[in-house]
Amino acid sequence: MYFMRRILFTLALAFAALTTLTSFTTGQHQQPKRYALYGVAFYNLENLFDTLHDAGKNDYEYLPDGRNKWGKMKYEAKLHNMARVLSELCTDKLPQGPAVIGVSELENHLALEDLLHQPSLAGRGLKYVDVAGPDRRGVECAFIYNPRFFQMERYMHVPYYYAPSGRVDDPLVGFYTDEQGEVQAYTDLKGDTTHITRGFLVMQGLLAGERMFFIVNHWPSRAAGSEARERAGYQVRMLKDALMASHPEAKVMIMGDMNDDPADKSMTTALGCKPQADKVKKATDLFNPWHETLYKRGQGTLLYQGKWNLFDQIVFSGNLLGTDRTSLKFYKHEIFMRDYLFQQEGKYKGSPLRTHAGGVWLNGYSDHLPTYVYLIKEVR
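Residues numbered from 1 in each chain as written. Predicted model: local features only at pLDDT ≥ 70, side-chain atom pairs only at ≥ 80, totals over all residues. Heavy atoms only, no water.

### Focus on the packing of aromatic side chains
In the structure shown here, the tally under the stated rule is 16 aromatic pairs. Ring geometry for Phe143 and Phe214: centres 5.6 Å apart, planes at 35°, overall tilted. Separated by 71 residues along the polypeptide, Phe143 in strand β7 (residues 140-145) and Phe214 in strand β12 (residues 210-218) bring together distant segments of the chain. The same class applies to Phe143 and to Phe214, which are both buried. The interplanar angle of 35° and the centroid separation of 4.9 Å between the aromatic rings of Phe316 and Phe330 together place this pair among those described as tilted. (Phe/Tyr/Trp six-rings, centres within 6.5 Å; stacked < 30°, edge-to-face > 60°. Helix = DSSP H or I, 4+ residues; strand = E, 2+ residues; numbered from the N terminus. Buried < 20%, exposed > 50% of the residue type's maximum accessible area, 1.4 Å probe, protein only.)

### So, the pattern of salt bridges
Applying the stated criterion to the full structure yields 20 salt bridges. Of the charged contacts in the structure, one is a salt bridge between Glu249 and Arg211, with a shortest N-O distance of 3.0 Å. Taken together, the residues Glu249 in the loop between α5 (226-246) and β13 (251-257) and Arg211 in strand β12 connect sequence positions 38 residues apart. Residue Arg380 pairs with Glu378 through a salt bridge whose shortest N-O separation is 4.0 Å. Here Arg380 falls in the exposed class, since its relative accessible area comes to 78%. Through salt bridges with shared partners, a single network forms among Arg222, Arg229, Asp260 and Asp264. (Salt bridge = Lys/Arg side-chain N within 4 Å of Asp/Glu carboxyl O.)

### Observations regarding the environment of Thr268
Note that Thr268 resides in helix α6 (residues 265-270). For the pair Thr268 and Gly233, spaced 35 residues apart in sequence, the C-alpha to C-alpha distance is 8.8 Å. Setting aside residues no more than four positions away along its own chain, Thr268 makes contact with Pro262, Ala263 and Cys273. (Contact = heavy atoms within 4.5 Å.)

### Quick look at the confidence of the model for the protein chain
Low-pLDDT stretches of the model should not have their predicted coordinates read in fine detail. For the protein chain, mean pLDDT is 92; residues scoring 70 or higher make up 92% of the total. Of the regions scoring below 50 in pLDDT, residues 1-27 engages in 37 contacts with residues more than four places distant in sequence or in other chains. (pLDDT = per-residue confidence, 0-100.)

### With respect to the pairing of strand β18 (residues 312-317)
Taking burial as the measure, the six residues of β18 include six buried ones, the bulk of the element. Note that β13 and β18 share five bridges and pair antiparallel. Among the inter-strand pairings, Ile254 is bridged to a residue of β18, identified as Val315. Pairing geometry for strand β15 (residues 286-287) and β18, over two bridges, is antiparallel. For Phe287, the partnering residue across the bridge sits in β18 and is Phe316. (Pairing = 2+ DSSP bridges.)

### Some points on unusual backbone geometry
Positive phi, close to 60°, is recorded for Asn47, a residue that is not glycine. Although it is not a glycine, Ala208 adopts a positive phi angle of roughly 55°. Within the element layout of this structure, Ala208 appears in the loop between β11 (200-207) and β12.

### Structural notes on the nonpolar core
Grouped together as the largest cluster of nonpolar side chains are 74 residues, with contacts concentrated most on Leu115, Phe143, Leu207, Phe214, Met253, Leu341 and Leu375. Per-element accounting of this core gives the leading share, 10 residues, to strand β4 (residues 34-48). Counting residues in hydrophobic clusters, the runner-up holds 29 residues, among them Phe200, Trp219, Met267 and Leu271. (Core = buried A, V, L, I, M, F, W, Y, C linked by side-chain atoms within 4.5 Å.)

### What to know about the sheet that holds β13
With mixed pairing, the seven strands of this open sheet are ordered in space as β8-β11-β12-β13-β18-β15-β14. Edge positions in the open sheet fall to β8 (150-158) and β14 (273-274), since each of these has one partner strand only. Here α5 sits on the sheet and contacts β8, β11, β12, β13, β15 and β18; the angle it forms with β11, its principal contact strand, is near 30°. (Axes fitted to C-alpha atoms, helices over the stretch in contact; angles between N-to-C directions.)

### Here's the deal with the side chain of Lys240
Along the chain, Lys240 falls in helix α5. Residue classification places Lys240 among the buried residues on the basis of a relative accessible area of 4%. Here Asp241 takes part through its side chain, which lies 2.7 Å from a polar atom of the side chain of Lys240. (Polar contact = N/O pair within 3.5 Å; in protein donor to acceptor, adjacent residues only side chain to side chain.)

### Quick notes on helix α2 (residues 72-88)
An ideal rise of 1.5 Å per residue puts 24 Å on 17 residues; α2 measures up with 24 Å between its terminal C-alpha atoms. Within α2, the full set of buried residues consists of Lys74, Tyr75, Ala77, Lys78, Leu79, Asn81, Met82, Ala83, Val85, Leu86 and Ser87. At the C-terminal side of α2, Cys90 shows a positive phi close to 65°. (Expected span 1.5 Å × (residues − 1).)

As structure tokens, this is what we get:
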């Protein structure tokens, strides 16, 4: 009987994408409560370039005659490897995988379409948002979603503006609020364009019937200096505040490769993330669940000079916290770790197994590990 129940439970889970986590007793009768679980994931794809030159972009090292000899065989191997990871995210609890996935270091929509047509992903009916940005190498962020779970309403690409004053909190930002109270993105670059870089990809839609905003990021590199990432954090905080002012009922999730750790100033001071849930006092406050992951458990998403960093973060508004699961709430967060994602021998044993290292093609995955968050809601 036990095994029969387990089989029926698994079939129900696969069909409805619902997970029954616990049951409660109400009065004299057992009233088992059912909960829907939704996955939200992020992955830095580490230079998913196609083999063609994009005009105006410095993508020459990822061409067949470029430094990496990036031809059809390597490109198809990269697609296969990236698809394998994406197809396995969140499947420990959800057979259909995440509801939404943010990705970075993608060259263009052609590479993204090739990725989603890989056999391990092709049957899921996934859709995507990809907006070409000004990054000189051509890499950009994208958003992949399963329309069974997330209903897209609109999206926009908000440009990153370097401050002409040099101040982190310069009021020049890449968006405005129109006469109808909706946040809109500027389409042109302003301020200092010497070091133009990736902007912020914003999606508005419904998840479990609730309005959500997802903001996908890839902040300036470590070489750009802390101030450039603090500037990004400030702009995203202003963007989050404007979106929640226009839709007070909405919930916001901010994800990406921040090129900083949870305790760095870009995340704490500029973006305004709180490291503990009890410090979150308002719906518009941001909670960062990754502090304990890095600083107490010692787990990160990339390894540099023998030290783990956790750049790949998913943070969210305070109205996703709490125990009242009649609306969407945060359930848990994890770094996706599988043995095949790590080097198994040699000098860099234990490091994420990347595509290239020292000019040698390793046929690996990425120098970053994916992260994901589960959201939960009672099904009535």
